[in-house]
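Now for the letters of each chain:
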Amino acid sequence: PAPSPTPTTSQLPAPSASDILLSSGLILIGGITSIGLVNIQTPSGPATVIRLAVPSAVMTSVDVELPCTDGHRVDVKGSRVQASGGLTLDLVGLQFTLAGVVITVSIDNPASLSLVPLTLTSLLSVQILARSIAAGSMSISGANVNLAGC
């Protein structure tokens, strides 16, 4: 059986200039295909991340800040994002609300992976810190794109 969610006061790790920041009011997923620690290659060298794979996802009230490149960061806001054909997130951290309890999962605390039930289908008030996000297909509705210095 999945462990019961317990309140947590931990925060997400501080983002690096190469991280993607994603927030969403609600994410609906088609179940969790897999979740676990993996080693990846990044421009700054090898890194350990939490790989979360889901078959599909719908996100509402989305704000995505892309990594800093040449002194600029792209910020994309949208009313709805739809991902299909498999969605893979290489995470540094994930924070969401489940049954009224804030859950924080981070690379700084690998044991926190046990707090994510594999039957999870909806996450509220989501904050994601990722090294990469990939999907077979992804579309965004109501997109507003801004460029800012970093």
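Before reading further, recall that the structure is shown in the block above.
Remember, it's a predicted structure, so these values are computed and weren't measured experimentally.

Draft legend 1. Highlighting the overall build of the chain. When you go through the chain residue by residue, the secondary structure sums to 0 helices and 8 strands. Going from N to C terminus, the chain has its helices and strands arranged as β-β-β-β-β-β-β-β. When its C-alpha atoms are laid out on the principal axes, the chain stretches across 45 × 35 × 30 Å. Once local pairs closer than 6 in sequence are excluded, the contacts in the chain between residues at least 24 apart make up 77%. By element, 58% of the accessible surface of the chain is carried by carbon and sulfur atoms, the whole surface being about 7,600 Å². For the chain, the distance from the average site of its 5 positive side-chain charges to the average site of its 7 negative ones is 6 Å.

Draft legend 2. The arrangement of unusual backbone geometry in detail. Of note, Ser61 is a non-glycine position whose phi angle comes to about 50°, a positive value. Tracing the chain through its elements places Ser61 in strand β4 (residues 57-65). Phi is positive for Asp70, which is not a glycine, with a value near 50°. Structurally, the position occupied by Asp70 is in the loop between β4 and β5 (72-98).

Draft legend 3. Summary view of the pairing of β5. Pairing between strand β3 (residues 45-54) and β5: 5 bridges, direction antiparallel. Bridge pairing links Val54 to Leu87 in β5. Sheet analysis places β4 next to β5, joined by 8 bridges and oriented antiparallel. Counterpart to Asp63 in the pairing with β5 is Lys77. Between β4 and the antiparallel strand that follows it, β5, lie 6 residues; Asp70 among them carries a positive phi value of about 50°.

Draft legend 4. The arrangement of the state of the cysteines in detail. In the structure shown here, the tally under the stated rule is 1 disulfide. With its sulfur 1.8 Å from that of its partner, Cys68 forms a disulfide with Cys150. When the S-S torsion is 80°, as for the bridge of Cys68 with Cys150, the disulfide is right-handed. Taken together, the residues Cys68 in the loop between β4 and β5 and Cys150 in the segment after β8 (144-149) connect sequence positions 82 residues apart. The class for Cys68 is partly exposed, based on a relative accessible area of 25%.

Draft legend 5. Looking closely at the pattern of salt bridges. For the coordinates displayed, the defined rule picks out 4 salt bridges. In this structure, Asp90 and Arg51 form a salt bridge, with 2.7 Å as the shortest nitrogen-oxygen distance. Residue Asp90 is found in strand β5, and its partner Arg51 is found in strand β3; the two are separated by 39 residues along the sequence. The buried category is assigned to Asp90, whose relative accessible area is 5%. Between Asp63 and Lys77 there is a salt bridge; the shortest N-O distance is 2.9 Å. With a gap of 14 residues between them, Asp63 in strand β4 and Lys77 in strand β5 connect regions that are remote in the sequence. Classification of Asp63 as buried rests on a relative accessible area of 18%.

Criteria and cut-off values
Residues numbered from 1 in each chain as written. Predicted model: local features only at pLDDT ≥ 70, side-chain atom pairs only at ≥ 80, totals over all residues. Heavy atoms only, no water. Helix = DSSP H or I, 4+ residues; strand = E, 2+ residues; numbered from the N terminus. Contact = heavy atoms within 4.5 Å. Areas by Shrake-Rupley, 256 points an atom, 1.4 Å probe, with all protein chains shown as cover. Lys, Arg positive; Asp, Glu negative; His and termini not counted. Charge placed at Lys NZ, Arg CZ, Asp CG, Glu CD. Pairing = 2+ DSSP bridges. Disulfide = S-S within 2.5 Å. Buried < 20%, exposed > 50% of the residue type's maximum accessible area, 1.4 Å probe, protein only. Salt bridge = Lys/Arg side-chain N within 4 Å of Asp/Glu carboxyl O.

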